[in-house]
Amino acid sequence: MTRSYRLGRRQPAVDATACAIVTAARQLVQEHPSAEVSVAQIARQAGVARITVYNRFGSRAGLLQALAPPHERPDLGESDPREALRRHIQSACATWAGNPALYRHLPHAQIDDPEANRTLAESLAAADALRPGCSIKEAEDVVGALTSFAVFDRLHKDGRRPAAAVGEILTRLASAILA
């Protein structure tokens, strides 16, 4: 006897399981550095088997990546790459402000965006918006440093400054260093 399948019928359950795993991981990582949180702990808290976590996210690193979706990429369709840089910095600040307790405990490799930094540096160079002698690599490193969680956290920690104010400080720094 042939069994009839209804494709997509289980999708809501699959999505709910993935959401439970991400929620459990986020909760545990907010409380402890990610290095101290095991897949077994996450699976237990989510009420699933460890293999379910691996099947859904591929690896522990894949799950950690799902906790920290990248902030909005710079729009290089902007006529002024300086404006794209400003928006990129503001976007990074808004992302970091969304859950600083989580980002403090994630490995920085999980939350950095070197590709966006390189693209912005190249765009600034192409528009002749870098100071003389500033290489693309230097600009890329400066953009990476100024959009990093560590720098944001230092200026924002415990809400001393709103995310938008931190973004303005970082934009002024970028302008002073790069232009």
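Residues numbered from 1 in each chain as written. Predicted model: local features only at pLDDT ≥ 70, side-chain atom pairs only at ≥ 80, totals over all residues. Heavy atoms only, no water.

1. Focus: the overall build of the protein chain
Inference 1: Helix and strand counts for the protein chain come out as eleven helices and zero strands.
Inference 2: Secondary structure of the protein chain in N-to-C order comes out as α-α-α-α-α-α-α-α-α-α-α.
Inference 3: Counting only residues that meet the buried cut, the protein chain has 39% of its 179 residues in that class.
Inference 4: Accessible surface, the protein chain: about 10,200 Å² in total, of which carbon and sulfur atoms supply 52%. (Helix = DSSP H or I, 4+ residues; strand = E, 2+ residues; numbered from the N terminus. Buried < 20%, exposed > 50% of the residue type's maximum accessible area, 1.4 Å probe, protein only. Areas by Shrake-Rupley, 256 points an atom, 1.4 Å probe, with all protein chains shown as cover.)

2. Focus: helix α1 (residues 11-31)
Inference 1: With 21 residues, α1 should reach 30 Å at 1.5 Å per residue; the first-to-last C-alpha distance of 30 Å fits that figure.
Inference 2: Buried within α1 we find Ala18, Ile21, Val22, Ala24, Ala25, Leu28 and Val29. For α1, the buried positions fall inside an angular range of 160° around the axis, keeping them on one side. Those residues of α1 that are exposed and aimed more than 90 degrees away from the buried face are Pro12 and Glu31.
Inference 3: On its buried side, α1 packs onto α2 (39-46), α3 (50-57), α4 (60-67) and α6 (100-105). (Expected span 1.5 Å × (residues − 1). Arc of directions from axis to C-beta. Contact = heavy atoms within 4.5 Å.)

3. Re unusual backbone geometry
Inference 1: In this structure, Asp128 takes a positive phi of about 55° despite not being glycine.
Inference 2: On the secondary structure map, Asp128 appears in the loop between α8 (114-126) and α9 (136-146).
Inference 3: Taking the relative accessible area as the measure of exposure, Asp128 reaches 67% and is therefore exposed.

4. Structural notes on the packing of α1 against α2
Inference 1: Direction vectors running N to C along α1 and α2 enclose 120°, while the axes themselves pass 8 Å from each other. By the angle between their axes, α1 is oblique relative to α2. Considering the relative orientation of α1 and α2, their crossing is right-handed. Contacts from Ala20, Ile21, Ala24, Ala25, Gln27 and Leu28 in α1 reach Gln41, Ile42, Gln45 and Ala46 in α2.
Inference 2: Of the residues that constitute the contact of α1 with α2, the class distribution is seven nonpolar, three polar and no charged. (Axes fitted to C-alpha atoms, helices over the stretch in contact; angles between N-to-C directions. Parallel < 35°, antiparallel > 145°, perpendicular 65-115°, else oblique. Left-handed = near helix turned anticlockwise from the far one by under 90°. Nonpolar A, V, L, I, M, F, W, Y, C, P; charged D, E, K, R; others polar.)

5. What about the nonpolar core?
A general feature of soluble globular proteins is that nonpolar side chains tend to end up buried together.
Inference 1: Counting residues in hydrophobic clusters, the biggest one holds 46 residues, and the most contacted among them are Ile42, Leu63, Leu67, Leu85, Leu106 and Leu178.
Inference 2: Residue contributions to this core peak at seven residues, all from α1. (Core = buried A, V, L, I, M, F, W, Y, C linked by side-chain atoms within 4.5 Å.)

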